[in-house]
Amino acid sequence: MNNDPDDGQIHLGGKMHFSYLSVPLIVASATGVLALDGSRFLWYDAPGTDWESSALPIGNGRLGATVLGGPGTELIPLNEDTIWSGPLQDRTPPRALAALPRVREMLLAGNISAASNLTMEDILPDQPSERAFSYFGNLALEFGHGDVEDYVRWLDTSQGNAGVSYTYKDVNYTREYIASFPSDVLAARFTASKKGVLSLKARFTREGNATSNTASTTGGVNQIAMGGSSGQKPEEHPILFVGKARFVISGGRVSASKDTLTISGATTVDVFFNTETNYRHSNPKSLEAAVDSKLRAAVKKGYARVRREAVADAASLLGRAAIDLGTSPNGLASLPTDQRIAHARTGLEDVQLATLAWNFGRHLLVASSRNTAAAVDMPANLQGVWNNKTTAAWGGKYTININIEMNYWPAGPTNLIETQEPLFDLLGVARPRGRAMARSMYGCDGVVIHHNLDLWGDPAPTDHNAHSTMWPMGAAWMVQHMMEHYRFTGDRNFLKRTAYPYLVDVARFYQCYTLTWEGSRVTGPSISAENSFIVPANATVAGQSIGIDIAPEQDNQLMRDVVTSLLEAATALGISDSDKDVEAARKFLDLIRAPRIGSYGQILEWRYEYKEADAGHRHLSPLYGLHPSHQFAPLVNETLSKAAKALLDHRLASGSGSTGWSRTWTINQYARLLSGAETWKHVAAWFAKYLMANLWNSDHGVNYQIDGNFGVTSGLTEMLLQSHAGVVHLLPALPAEAVPAGSARGLVARGGFEVDMEWKDGKLKKAVVTSKSGGQLKIRVGDGEAFRVNGGRYRSAIEASKGARFVVTP
Ligand SMILES: *[C@@H]1O[C@H](CO)[C@@H](O)[C@H](O)[C@H]1NC(C)=O
Ligand SMILES: *[C@@H]1O[C@H](CO)[C@@H](O)[C@H](O)[C@H]1NC(C)=O
Ligand SMILES: *[C@@H]1O[C@H](CO)[C@@H](O)[C@H](O)[C@H]1NC(C)=O
Ligand SMILES: *[C@@H]1O[C@H](CO)[C@@H](O)[C@H](O)[C@H]1NC(C)=O
Ligand SMILES: *[C@@H]1O[C@H](CO)[C@@H](O)[C@H](O)[C@H]1NC(C)=O
Ligand SMILES: *[C@@H]1O[C@H](CO)[C@@H](O)[C@H](O)[C@H]1NC(C)=O
Ligand SMILES: *[C@@H]1O[C@H](CO)[C@@H](O)[C@H](O)[C@H]1NC(C)=O
């Protein structure tokens, strides 16, 4: 067995071999066999078969690829974040404004079913669908290898790269895949341990609407190139794209025929890929020039340097924070990842699998959401940036009635705050369209966005669904991410230039749009995403199950957050109390309906205590105030947190948590209720059902959707550190029994505090809190235990200067 880290190779089980990994990664397992670090690597001893449950994703934010690692054929789906199904659509509902007063009258009169019908007929757009996320195509590689031995396929969550190695006919072959942010290309290196035995055929494939597909060796440039389109007629301005892969070989021969490049007798083959679209390059020449110039620069740098820079970049973000939830028993962590997941179906003893899922969530965020110098970067969609179909499931959209928000929950707390910035680019694209929509649908100033966006920032209602479509609250939720950005970074320039003006636009919309009912300003027609209720006996038609009403509780909470954020921002920016937007916000705040508490002590989801149509609904919309908002936090309002718990317990007892993302929301919710044991129960429930063999989150055991991956990273973090209630709360919901000892490094609290800590026997042992931007520091430990700061008893808030460190001990 070779365990020498200095040879730059990794040897597994005395046989398997990895190139290009530069740090010692090997841990001893219980069986004495060596394995990859189970907190850091996903790895498998067989190629993947099914794309959605076994592909290993890499990406640089804009470009994505997934690796299945077949020895004979390697089919790599390639993605670019603006290859969608078509151009901007105008889906403005033509009859909405005229129908609005009639619908409201019906709702106020209790004619609920008729109001729902009229909403569906007249307020919703005639064209229900937004554009859908598509794919570039596949890079199809034929290696022709048959029965291989010592097969390993891996993904390194601390560097963002993936690879394959195996032995075939006594030759060791490796493949490594890199997504480079600095070079803005994808790259790969294929090697053989014996000179001149590496042969392959390469071409691009696509299901349809490829406009050209060629291979060439002209001028010594070995290249395949494919052009494609979203398929509309030229005068409809389809999305157009061009992608190219260049092959640099050492040894061997290359020839081109039609769309295929054939390489034979090489020793090493390096591949560089880029694709660009007319979303960012309006001129077809500049589009192709951008493809070429990035490829030329990457080829000139060479694989080794492209790789070094890519890994250094990814590691610089991923390495900012780490958690250690302890060591798994019985050698579980040294098993291949799919076997560990199978084991976790019956209980989560493998705590390192939870650490791995946390690391994987951060890798996915860095790989699918990066800010660049481009005018518009795309945020992570329902599938991040990975899809192998013409049309991704659920359109691969930006669904903003929970899902895309969930994508960004870990950004601040796990020290990746800049990954949020593409979200603000998309909100910027949506802003003028949301302003036009507010005017045409509701006759109002300000900005409105409904429950989805596509790459064009299309804010119109989407789908034709009585339980989800009619929801004018998307901007209210999304703009909270701008406020959170400020709370984590203290960036006043961002607050002033981006967040505050957006908050003003959103607040203005609700001040105009809302109607007065029982002395409050309320929304309607609206829904409580995506739930329904039974129409009561004194309304029409009694007994029907309906989703549309006025004043759903979540809408009240969202509007409250919009105006309180606006006021918080105004204070931070020194905007005068007599400013008209500030005055209007303060007035409006007093008119927002307070939460009501129902017959068993629960937060009421609707304006009345309607009979529930689906008591275990997967959406926890009326509990937005508990998480992600702070309105129902136990440290903020004990009465409301108790009522939130009553509803949450009821929801769960009735079957909620029934999709991957829903289950991870319950993890975050119970962490906010400061219950470690309950939180861990839901962590274990997620591992028992919702993650697939490649650690991707699924809807119900199948159907990939990325939100739950981010939800679990967020939820695990919420066990260790919370900061939404104006206090840096260390170990607020530690599951002391499951995770008695561990550590965390580089977590971030609002106010710009970075936190390192260790715990033992379920109690804090030591923490170091560093102030990044100066300001008031309040600390709480566990459930209010006494503690010391820099040796002295902590009694009250500390004025922290920038850079100051505070050592917290029991
Ligand atoms: C192939 O890998 C095996 C296992 O790591 C190693 O023992 C062998 O020397 C390698 N062969 C070559 C030609 O590098
Ligand atoms: C996506 O991958 C699956 C394999 O899991 C395959 O059956 C399907 O054909 C692929 N789709 C496309 C469009 O290539
Ligand atoms: C229906 O009953 C509720 C609860 O008793 C009451 O508050 C409401 O005003 C009634 N609605 C109508 C339309 O009469
Ligand atoms: C509800 O509205 C419909 C459509 O306007 C009307 O036909 C019906 O009579 C109304 N029902 C009640 C009970 O007001
Ligand atoms: C609502 O529309 C459905 C389906 O078209 C119809 O069956 C029902 O009678 C309508 N209800 C009311 C109250 O208008
Ligand atoms: C080709 O484009 C047309 C028109 O946009 C579209 O309907 C069809 O789904 C596309 N097919 C593929 C495989 O992309
Ligand atoms: C908690 O919220 C309720 C309902 O909004 C309110 O009446 C009460 O004053 C709040 N309590 C505190 C301590 O803020």
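The rules behind the values
Residues numbered from 1 in each chain as written. Chains lettered and ligands numbered in written order. Predicted model: local features only at pLDDT ≥ 70, side-chain atom pairs only at ≥ 80, totals over all residues. Heavy atoms only, no water. Helix = DSSP H or I, 4+ residues; strand = E, 2+ residues; numbered from the N terminus. Rg over C-alpha atoms; globule rule 2.2 N^0.38 Å. Contact = heavy atoms within 4.5 Å. Areas by Shrake-Rupley, 256 points an atom, 1.4 Å probe, with all protein chains shown as cover. Lys, Arg positive; Asp, Glu negative; His and termini not counted. Charge placed at Lys NZ, Arg CZ, Asp CG, Glu CD. Near = heavy atom within 4 Å. Polar contact = N/O pair within 3.5 Å; in protein donor to acceptor, adjacent residues only side chain to side chain. Nonpolar A, V, L, I, M, F, W, Y, C, P; charged D, E, K, R; others polar. Buried < 20%, exposed > 50% of the residue type's maximum accessible area, 1.4 Å probe, protein only. Pairing = 2+ DSSP bridges. Disulfide = S-S within 2.5 Å. Expected span 1.5 Å × (residues − 1). Bend = angle between axes of the 7 residues up to and from the residue. Phe/Tyr/Trp six-rings, centres within 6.5 Å; stacked < 30°, edge-to-face > 60°. UniProt positions renumbered as here; feature names shortened; annotations may be inferred. Salt bridge = Lys/Arg side-chain N within 4 Å of Asp/Glu carboxyl O. Axes fitted to C-alpha atoms, helices over the stretch in contact; angles between N-to-C directions. Parallel < 35°, antiparallel > 145°, perpendicular 65-115°, else oblique. Core = buried A, V, L, I, M, F, W, Y, C linked by side-chain atoms within 4.5 Å.

Draft legend 1. Expanded view of the overall build of the chain. A tally of helices and strands in the chain yields 17 helices and 39 strands. Here the chain has a C-alpha radius of gyration of 27 Å; the compact-globule value for 810 residues is 28 Å, and the two agree. The C-alpha extent of the chain, read off along each of the three principal axes, is 80 × 70 × 50 Å. Considering only intrachain contacts with a sequence separation of at least 6, the fraction spanning at least 24 residues in the chain is 68%. With an accessible surface of roughly 27,900 Å², the chain has 50% of that area assigned to carbon and sulfur atoms. On the chain, the mean spot of the 78 positive side-chain charges and the mean spot of the 80 negative ones are 4 Å from each other.

Draft legend 2. Looking closely at the environment of M719. Relative to the elements of secondary structure, M719 occurs in helix α17 (residues 707-720). Measuring from C-alpha to C-alpha, the distance between M719 and R672 comes to 8.3 Å, with 47 residues separating the pair along the chain. Every residue in contact with M719, bar those within four places of it in the chain, is listed here: A671, T679, W680, L731, P732, A733, L734 and P735.

Draft legend 3. Seen up close, the site of ligand 4. Taken together, M106, N111, A114 and T540 form the complete shell of residues around ligand 4. Between ligand 4 and N111, the relevant distance is 2.3 Å, taken from an oxygen atom to a side-chain nitrogen or oxygen of the residue. Across the shell around ligand 4, the residue classes break down as two nonpolar, two polar and no charged.

Draft legend 4. Focus on the side chain of S526. Mapping S526 onto the fold places it in the loop between β25 (520-522) and β26 (533-534). A polar contact is formed between the side chain of S526 and the side chain of D555, at a distance of 2.6 Å. Leave out the neighbours within four places in its chain, and S526 touches M470, W471, P472, G547, I548, D549, P552 and D555.

Draft legend 5. Spotlight on the pairing of strand β6 (residues 56-59). Because side chains alternate across β6, one face comprises the buried residues L56 and I58, and the other comprises P57 and G59, equally buried. In this structure, β6 lies alongside strand β7 (residues 63-67), joined through four bridges in antiparallel fashion. By the bridge assignment for β7, G59 is matched with G64. Remark: three residues form the turn of the hairpin made by β6 and β7, two consecutive strands paired antiparallel; G61 in that turn has positive phi of roughly 95°.

Draft legend 6. Expanded view of the state of the cysteines. Enumeration according to the criterion identifies one disulfide in this entry. Through a disulfide, C444 is tied to C512; the S-S separation comes to 2.0 Å. Judged by the torsion about the S-S bond (-75°), the C444/C512 disulfide is left-handed. With C444 in the loop between α9 (421-442) and β23 (452-453) and C512 in helix α11 (residues 492-513), this residue pair connects regions lying 68 residues apart in the sequence. With a relative accessible area of 2%, C444 lands in the buried category. Classification of C512 by relative accessible area gives partly exposed; the value is 36%.

Draft legend 7. Quick peek at α9. Taking 1.5 Å per residue, 22 residues should reach 32 Å; α9 reaches 29 Å between its end C-alpha atoms and fits that length. By the largest-angle criterion, R431 marks the main kink of α9, which is about 40°, and a proline, P432, follows within four residues. Among all positions in α9, only P422, L423, F424, L426, L427, V429, A430, G434, M437, A438, M441 and Y442 are buried. Of the residues flanking the end of α9, it is G443, one or two places downstream, whose phi is positive at about 65°.

Draft legend 8. How the structure looks around the side chain of D81. Here D81 is to be found in the loop between β8 (73-80) and α2 (96-108). On the basis of relative accessible area, D81 is assigned to the buried category, the value being 5%. For D81, the side chain forms a polar contact with the side chain of R280, separated by 3.1 Å. Among residues more than four places away in sequence, those in contact with D81 are G61, R62, F133, R280, M378 and V385.

Draft legend 9. A look at the packing of aromatic side chains. For the structure on display, the rule yields 32 aromatic pairs. Ring geometry for W477 versus Y624: centroids 5.2 Å apart, planes at 75°, classification edge-to-face. Within this pair, whereas W477 is found in helix α10 (residues 474-489), its partner Y624 is found in the loop between β28 (611-612) and α14 (638-653), the two being separated by 147 residues in sequence. With respect to class, W477 is no different from Y624; both count as buried.

Draft legend 10. The arrangement of the sheet that holds strand β35 (residues 779-781) in detail. Spatially, three strands are ordered β29-β30-β35 in an open sheet, and the strand pairing comes out mixed. Where the open sheet ends on each side, the last strands, each with one partner, are β29 (721-722) and β35. Sheet topology note: the β29/strand β30 (residues 728-730) ladder contains two bridges and is antiparallel. Counterpart to Q722 in the pairing with β30 is H729.

Draft legend 11. Up close: the UniProt feature "domain: Glycosyl hydrolase family 95 catalytic" (unreviewed entry) in the chain. Per the UniProt record, the feature "domain: Glycosyl hydrolase family 95 catalytic" (unreviewed entry) sits at residues 303-720. Overall, residues 303-720 shows 47% helix and 5% strand. The separation of its end C-alpha atoms is 40 Å.

Draft legend 12. Fine view of unusual backbone geometry. Of the consecutive residues G524 and P525, the connecting peptide bond is found in the cis state with omega at -5°. By the secondary structure assignment, P525 is in the loop between β25 and β26. Residue T540 is joined to V541 through a cis peptide bond whose omega torsion reads 0°. By the element assignment, V541 lies in the loop between β26 and β27 (545-546). We note that A551 has phi near 60°; this positive angle belongs to a residue other than glycine. Position of A551 among the secondary structure elements: in the loop between β27 and α12 (553-572). Under the relative-accessibility criterion, A551 is labelled buried at 1%.

Draft legend 13. Structural context of helix α4 (residues 284-301). With 18 residues, α4 should cover 26 Å at 1.5 Å per step; its first-to-last C-alpha distance of 26 Å lies within 8% of that length. Within α4, the full set of buried residues consists of L287, A290, V291, D292, L295 and A298. Here the buried face of α4 lies against β13 (185-192), β17 (240-250), β20 (268-277) and α5 (303-318). The opening residue of α4 is N283, an N-cap whose side-chain oxygen sits 2.7 Å from the backbone nitrogen of K285. Positive backbone phi, approximately 90°, marks G302, located one or two places after α4.

Draft legend 14. Highlighting the pattern of salt bridges. Here the structure, examined in full by the defined rule, presents 44 salt bridges. In this structure, R750 and E484 form a salt bridge, with 2.8 Å as the shortest nitrogen-oxygen distance. Placement of R750 in the loop between β31 (742-749) and β32 (753-760) and of E484 in helix α10 is noted, with a sequence separation of 266 residues between them. Note on accessibility: R750 and E484 belong to one class, buried. Via salt bridges that share partners, R62, E80, D81, D184, E276, R280 and K294 belong to a single interconnected network.

Draft legend 15. The arrangement of the packing of helix α7 (residues 351-368) against helix α16 (residues 676-689) in detail. Packing of α7 against α16 brings their axes to within 12 Å, and their N-to-C directions diverge by 80°. Accordingly, the angle class assigned to the pair α7 and α16 is roughly perpendicular. Across from V351, L353, A354 and A357 in α7, the residues of α16 making contact are W680, W686 and F687. Partitioned by chemical class, the residues of the contact of α7 with α16 number seven nonpolar, no polar and no charged.

Draft legend 16. Geometry of the nonpolar core. F247, L720, L730 and M757 are the most contacted members of the largest nonpolar core, which has 226 residues in total. The dominant element in this core, judged by the number of residues it contributes, is α11, at 12 residues. Core analysis: the second largest hydrophobic core is formed by 13 residues, V185, V242, A298 and V311 among them.

Draft legend 17. Just the sheet that holds strand β37 (residues 792-793), in detail. Strand order across the open sheet formed by seven strands is β21-β31-β32-β33-β39-β36-β37, with antiparallel pairing between neighbours. Two strands lie at the open edges of the sheet, namely β21 (322-324) and β37, each paired on one side alone. Strand direction decides the pairing type here: strand β36 (residues 788-789) and β37, joined by two bridges, are antiparallel. Looking at the pairing, V789 lines up with G792 of β37.

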